[in-house]
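# Coordinate analysis (summary)
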Amino acid sequence: FFHEAAHLLKHRNRTVLETEDAGGDLEAEADSFARSVLVDPEAYRRFTMRRKPSRADIERFAETQRLPVDSVIGMLQHDRVLPFTAHNDLKRKLDLTRLTAGFQSGGEASNEGNHL
């Protein structure tokens, strides 16, 4: 959400499509904005400078930043602090079949228990 909000707030006068900038300056700026909204940048820098964080380290850091554990894991994977296979068991699963069924029937979508 915050990544896309950064594009709306910071890049609204741009005519360049996001796909033309994949991995470029606009994407890096949006990533940085999103992270600074979600996490204390200095705390994240210190956290990622240490050894590869354990499950307990990640859970503690998530608690101090008031973030879901799976959000922290996603950041760490994105930043290549963790491999993309690490701690995926802690990520919540989104049931798209239940989510899309509500839209197809004209009702409200429900994905009870998932907060993504």
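Conventions and cut-offs
- Starting afresh in each chain, residues are numbered from 1 along the sequence in its written order.
- For a predicted model such as this one, the threshold for reporting local features is a pLDDT of at least 70, and the threshold for listing and counting side-chain atom pairs is 80 or more; totals across whole chains, interfaces and linings nevertheless cover every residue.
- As a convention, hydrogens and water are excluded, and side-chain values are obtained from all of the structure's heavy atoms.
- Helix and strand definitions follow DSSP, with helices as H or I runs of at least four residues and strands as E runs of at least two, each counted in order from the N terminus.
- Residue exposure (1.4 Å probe, protein chains only): buried if accessible area is under 20% of the type maximum, exposed if over 50%, otherwise partly exposed.
- What makes two residues a contact is simply this: any of their non-hydrogen atoms within 4.5 Å.
- Any pair of Phe, Tyr and Trp rings, taking the six-membered ring for Trp, is counted once the centres come within 6.5 Å. Such a pair is stacked with planes under 30 degrees apart, edge-to-face with planes over 60 apart, and tilted for the rest.
- Just to be clear on terms, a salt bridge is a Lys or Arg side-chain nitrogen sitting within 4 Å of an Asp or Glu carboxyl oxygen.
- The term nonpolar core refers to a set of buried residues drawn from Ala, Val, Leu, Ile, Met, Phe, Trp, Tyr and Cys, joined through side-chain atoms within 4.5 Å.
- For every residue, the predictor assigns a confidence score, pLDDT, that lies between 0 and 100.

Let us look at the overall build of the protein chain. Across its full length, the protein chain carries 6 helices and 0 strands. Going from N to C terminus, the protein chain has its helices and strands arranged as α-α-α-α-α-α. Across the 116 residues that make up the protein chain, the buried fraction comes to 30%. Of the contacts formed within the protein chain by residues at least 6 apart in sequence, a portion of 40% connects residues at least 24 apart.

Time to look at the packing of aromatic side chains. One pass over the full model with this rule turns up 2 aromatic pairs. On the basis of an interplanar angle of 55° and a centroid distance of 6.3 Å, the ring pair of Tyr44 and Phe61 is categorised as tilted. Pair noted here: Tyr44 is in helix 3 (residues 41-49) and Phe61 is in helix 4 (residues 55-65), with a separation of 17 residues, a long-range link. By relative accessible area, which is 7% here, Phe61 ends up buried. Seen in terms of ring centroids, Phe47 and Phe61 are 4.3 Å apart; in terms of plane orientation they differ by 5°. Their pairing is stacked. A residue pair is termed long-range when its members are at least 10 positions apart, and Phe47 in helix 3 and Phe61 in helix 4 qualify at 14 residues. We note that Phe47, like Phe61, is buried. One aromatic cluster is present, built from ring pairs that chain together Tyr44, Phe47 and Phe61.

This paragraph deals with the pattern of salt bridges. All chains considered together, the criterion is met by 4 salt bridges. For Glu42, the salt bridge identified is with Arg45, shortest N-O distance 2.6 Å. Of the two residues, Glu42 and Arg45 both sit in helix 3, 3 residues apart, roughly one turn of that helix. Assessed through its relative accessible area of 36%, Glu42 is described here as partly exposed. Sharing partners across several salt bridges, the network here consists of Glu42, Arg45 and Arg46.

Another point: unusual backbone geometry. Phi at Arg66 takes a positive value of approximately 55°, unusual for a residue other than glycine. Note on placement: Arg66 falls in the loop between helix 4 and helix 5 (69-78). Among the residues examined, Arg66 registers a relative accessible area of 79% and is labelled exposed. For Arg80, which is not glycine, the phi torsion reads 65° and is therefore positive.

Time to look at the nonpolar core. With 14 residues, the main nonpolar core has Val39, Tyr44, Ile58, Phe61, Val72 and Leu76 as its most contacted residues. If you list the elements that add at least two residues to this core, you get helix 3, helix 4 and helix 5. Ranked by residue count, the leading element in this core is helix 5, at 4 residues.

Further remarks concern the confidence of the model for the protein chain. Across the protein chain, pLDDT averages 75, with 64% of residues at or above 70. Element-level mean pLDDT values for the protein chain span from 63 in helix 1 (residues 2-10) up to 95 in helix 4.

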